[in-house]
Structure formats: structure tokens, C-alpha cells
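# Observations on the three-dimensional arrangement
Spelled out from the first residue to the last, the chains are:
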Amino acid sequence: MKEILTNGVTRRNLLKTSAAAALIGAVRATFPSGAFAATGGAEVTGVKLGYIALTDAAPLVIAKEKGFFEKHGLPDVDVAKQASWGATRDNLVLGGAANGIDGAHILSPLPYLMHTGKVTQNNQPVPMAILARLNYDSQGISVAKEYAATGVQLDASKLKAAFDAKRAAGKEIKAAMTFPGGTHDLWMRYWLAAGGIDPDKDVSTIVIPPPQMVANMKVGNMDVFCVGEPWNEQLVNQGIGFTACTTGEIWKGHPEKALGMRADWIEKNPKAAKALLMAVMEAQQWCDGTDNKEEMAAVLGKRQWFNVPPKDVLGRLKGDINYGNGRLAKGTDLYMKFWKGGVSYPFQSHDAWFITENIRWGKFAPNTDIKALVGQVNRQDIWRDAAKDLGVAASDVPASTSRGKEIFFDGKVFDPENPSAYLKSLSIKVAS
């Protein structure tokens, strides 16, 4: 029986309220009082945000847990778990006013696919904006145990003979990713294609929500999958499969998730949008702290967030990789990055690559005006404004909107100023 104190308040609720008040008090004591007023006058005190149970959602979770939203005048931010990227899309289409969400921890290409109506009902465009990049690196491509003898790692061609034999026996090869045209789809496709395996002809790509990857691999529903952490680590910890490579080995320092928002919400609430971004940027700085990794793993592992053992989060968060096939790598630079080196900045050149790869695989038309599309969705101007108000060191604010040419593990070069040359250099591509 609950112990009622006064006005229907239970002792448990009172203790929870006291703990929350103590946390806010600690945050206020840590930061100058003026910092709380820096974004005063925000149009609203909260916003509805979505997240998927993936380690790269940490900036939103930490901003909530550590009181950063409260610090910047947004005490009523709701960070709600989404069942899948499809559910994230559907709830963004609804919007917060219609019991959906206004923004989310999101696959970087998804705002572009929604903005152009490529993945929405009746192809109805939903204007979107990207305010920040949430992280770099630390996704994984994992393979079922039956392929351990192939020795497959970064070179996917070692799977080709095994896949050919399985197909010859009348069995289907299933490659799982999390959303068509999303980052995991693109990493998987790049890796397979570089190894001479056509992702449109040699395998069947299937969509599985991140938290369901391990269970589906366990019952044999897939041969290979690409997903973020902690699910590759959990797969290895449960002895179900192994990691062939991490995505940082495909493209070192690659962009991954983004903070995406409905454009109309930003237009109605420009001050709140900046306040929200400032809170997330502070959380990213906290997440990047080496001394905070164990606490972050414990927070993310909580029942209300990921509901996983913290050990499934911690290893690769620190750059310690047990690939599950006898390979152990300690202290690598393949850990997830959240802030240092311009991680948070939404480089337009990164978005250009995502669009270019989706042109490659038929999601966008070959004549898509990449620069114009990026200019519509990428709001690096808001990021720079927020960084200024936050007092971000000049060394952490990129001088350019482009990170320049990018080099992949197979030697291919993406020049954001010449995407067509990149497309022509690729051995496997969708015919225009």
C-alpha cells in the first residue's frame, strides 16, 4: 500500500521530487546564475523529442538526466523512446501538437528523405531541419557465427563464396539494416559493394529495429546486420555472432546520427530551438569526457532508457572492441565521438555524401541539386549562433561548412564539390 502524505502525494514521489530538485540545485551551483538566463524568453518551456535505444542517443538522454534542458530554460522537454525509425518518421509527421514528436535523435539522411517526401505517406514532403550532428563512428557490421570460417573482416569479398553456395542451395541471404536510405543501410551497402557483393542482387535487405537485431540473429532470421551500439557488443557478449568491422574502419571519423527537428517548430520557436541546441551541445561535451564513460553506460543501461547491462554499452564506448572472432582490440580510436574535433557541427559536406550515396542506390534522382537540398535542411547557422551564446571555444567552431575530401577504406575519394566524379569511380552502382 502506498503511504500518502498530503494532497495525494506519496513518500516515493516526494523523494523523487526532492532528488530532482537536488540535481537542479547542483547544476545551478556548478554554472553561473547568468547562464540560466542566457536563452531567456524562449517561446515554450519544452518540446517532444524521440530517440531510439542506441548509444548515440546519449546526448539527449544525458541532457535530460543531468538537467541541461532545465539549465537552458526548457524544464518540460520530453525524451520518448521510439519503437523503430519508421515510428520516428511517423511521429515526426504527426508533430508534437498531434501527439507525435517535434524532433529526434535521427539517422542523418532521414530528414532529407522526409523533407522531399521520399519516405512519407503519399509522398507528402515534411519540411525538416538538422541542427547538429550527435556523434561520429562506432556502428558495426556483424555476421552470423556460421560464417566465422570465412575470416571476413573489413574485406567483405570473403563472404562471396559462402553467399553464392547458400543461394545455390535455394536459401535466401538476408542483410538487415534499420531503415532504407539511412546510415546503416548505406554503411552495409558500401561495405558489401566494395567486396564485390551487389546489395540489390546478391542479398535481400530487410528492415529490423535496432533493439531487435540480436534476437533476430539468434533465431536465424538474418546472415549479417548493420546497427549502432550497444547491439553489436551485445551480440558478441551473448555468443551469437561476431563483428566483421566497425564503420569507423570503413570511413574513419564518419558522421552518424543528427538532431533533427520539424522546420515549422523551429520557425515558431526560434529561441527555444537555440536553447534546445545549447543544452544538447553541453551534453555532448559531457559525453565526450573520458571520466564520464562508466556513468554514461550506467545511465543508458537503465530500464527507462535502454534496459541493457551497462557492460554492453561500456566496452566500445571506450574503444575496447571484442570482435567475437578471436580479435580483441584495446584502447582503439574507434570509440564513439561526441564533441572534440567539430563532431557536433553539422558539416554540409557530410550531408552531401549521404545524398550522393542515396542517389547511387536510387533513393534520389541523378539530377538532384545536392547543394540546394542541403541548404534547405542543414541549419549550421543556428549551430553557430548557439555556439556563440554558449561561449564555445573558437578552436571548437569549424571555419568552413565543409570538411573537404573524404577517403574511404578502399581508396575511394568523395569530393563534395564533385559528387559525380565519386559516383563514376564506384564499381557497383544503380544505373542512371
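About the thresholds
Residues numbered from 1 in each chain as written. Predicted model: local features only at pLDDT ≥ 70, side-chain atom pairs only at ≥ 80, totals over all residues. Heavy atoms only, no water. UniProt positions renumbered as here; feature names shortened; annotations may be inferred. Helix = DSSP H or I, 4+ residues; strand = E, 2+ residues; numbered from the N terminus. Rg over C-alpha atoms; globule rule 2.2 N^0.38 Å. Contact = heavy atoms within 4.5 Å. Areas by Shrake-Rupley, 256 points an atom, 1.4 Å probe, with all protein chains shown as cover. Lys, Arg positive; Asp, Glu negative; His and termini not counted. Charge placed at Lys NZ, Arg CZ, Asp CG, Glu CD. Pairing = 2+ DSSP bridges. Right-handed = clockwise from strand over helix to strand, strands pointing away. Salt bridge = Lys/Arg side-chain N within 4 Å of Asp/Glu carboxyl O. Buried < 20%, exposed > 50% of the residue type's maximum accessible area, 1.4 Å probe, protein only. Phe/Tyr/Trp six-rings, centres within 6.5 Å; stacked < 30°, edge-to-face > 60°. Lys NZ or Arg CZ within 6 Å of the ring centre and 35° of its normal. Axes fitted to C-alpha atoms, helices over the stretch in contact; angles between N-to-C directions. Parallel < 35°, antiparallel > 145°, perpendicular 65-115°, else oblique. Nonpolar A, V, L, I, M, F, W, Y, C, P; charged D, E, K, R; others polar. Polar contact = N/O pair within 3.5 Å; in protein donor to acceptor, adjacent residues only side chain to side chain.

Looking at an unreviewed UniProt entry, one finds the chain named Nitrate/nitrite transport system substrate-binding protein, with Rhizobium miluonense as its source organism. The chain has a UniProt comment under Sequence similarities (unreviewed entry) that states "Belongs to the CmpA/NrtA family." Under the Subcellular location (unreviewed entry) heading, UniProt states for the chain: "Endomembrane system".

Time to look at the overall build of the chain. Looking only at helices and strands, one finds 19 helices and 14 strands in the chain. In terms of overall size, the chain behaves like a compact globule, its C-alpha atoms giving a radius of gyration of 22 Å where 432 residues would be expected to give roughly 22 Å. Within the chain, contacts between residues separated by at least 24 positions form 75% of all contacts whose residues are at least 6 apart in sequence. Per element, the accessible surface of the chain, about 17,400 Å² overall, is 51% carbon and sulfur. Here the chain holds 50 positive side-chain charges and 44 negative ones, and the gap between their average locations is 3 Å.

Turning next to the pairing of strand β6 (residues 174-177). Where β6 lies against strand β7 (residues 204-207), four bridges are found, and the strand directions are parallel. Residue pairing across strands places Met 177 opposite Val 207, the latter belonging to β7. You can see the chain leave β6, run along helix α8 (residues 183-194) and come back into β7, and the turn it takes is right-handed. Bridging between β6 and strand β8 (residues 224-228) involves two bridges; their strand directions are parallel. Its bridge partner lying in β8, Ala 176 is registered against Phe 225.

What follows is about the pattern of salt bridges. Across all of its chains, the model carries 24 salt bridges by this definition. Of the charged contacts, one joins Asp 351 and Arg 133 as a salt bridge, the two residues approaching to 2.8 Å between their closest N and O atoms. Residue Asp 351 is found in helix α16 (residues 348-360), and its partner Arg 133 is found in strand β4 (residues 128-133); the two are separated by 218 residues along the sequence. Residue Lys 371 is joined to Glu 417 by a salt bridge in which the shortest nitrogen-to-oxygen separation is 3.0 Å. Within this pair, whereas Lys 371 is found in helix α17 (residues 370-377), its partner Glu 417 is found in the loop between β14 (413-414) and α19 (419-425), the two being separated by 46 residues in sequence. Residue classification places Lys 371 among the exposed positions, given a relative accessible area of 57%. Counted as one network, the salt bridges with shared partners bring together Asp 56, Glu 256 and Lys 257.

Within the secondary structure, Gly 391 is located in the loop between α18 (380-390) and β13 (406-407). Taking relative accessible area as the criterion, Gly 391 reaches 58% and is therefore assigned exposed. In sequence terms Gly 391 and Met 222 are 169 residues apart; their C-alpha atoms lie 47 Å from each other.

A few words now on the packing of aromatic side chains. For any pair of aromatic rings, the description consists of the separation of the ring centres together with the inter-plane angle of the planes. This model, assessed by the stated rule, comprises 16 aromatic pairs. Each member of the aromatic cluster is reached from another via a ring pair, and the members are Trp 187, Tyr 190, Trp 251, Trp 353, Phe 354, Phe 408, Phe 409, Phe 414 and Tyr 422. Against the face of Trp 361 rests Arg 189, its NZ or CZ located 5.1 Å from the ring centre. Against the face of Tyr 335 rests Lys 337, its NZ or CZ located 4.7 Å from the ring centre.

Taken N-terminus to C-terminus, the directions of helix α3 (residues 58-65) and helix α13 (residues 270-288) make an angle of 100 degrees; their axes are 8 Å apart at the nearest point. It follows that α3 is roughly perpendicular to α13 by the angle criterion. Taken together, the residues of α13 that come into contact with α3 (itself represented by Ala 58, Pro 59, Leu 60, Ile 62 and Ala 63) are Ala 279, Val 280, Ala 283, Gln 284, Trp 286 and Cys 287. Across the contact of α3 with α13, the residue classes break down as ten nonpolar, one polar and no charged.

Another aspect to go through is the environment of Asp 312. In this structure, Asp 312 sits in helix α15 (residues 311-317). You can call Asp 312 buried: its relative accessible area is 4%. Separated by 170 residues in sequence, Asp 312 and Ser 142 place their C-alpha atoms 15 Å apart. In terms of polar contacts, Asp 312 uses its side chain to reach the side chain of Asn 237, at 2.6 Å.

Glancing now at the sheet that holds β4. One key point about sheets: their strands pair by backbone hydrogen bonds, in either a parallel or an antiparallel sense. Taken in spatial order, the five strands make up an open sheet running β2-β1-β3-β10-β4, and their pairing is mixed. Among the strands making up the open sheet, the edge pair consists of β2 (78-81) and β4. Averaged over all pairs of adjacent strands, the angle between their axes in this sheet comes to 35 degrees, without regard to strand direction. Strand direction decides the pairing type here: β4 and strand β10 (residues 257-262), joined by five bridges, are antiparallel. The partner of Ala 132 across the bridge, within β10, is Leu 259.

Structurally, Gln 234 is set in helix α10 (residues 231-237). Take Gln 234: its relative accessible area is 10%, and that puts it in the buried class. Discounting residues that sit within four places of it in the chain, Gln 234 has contacts with Val 214, Val 308 and Asp 312.

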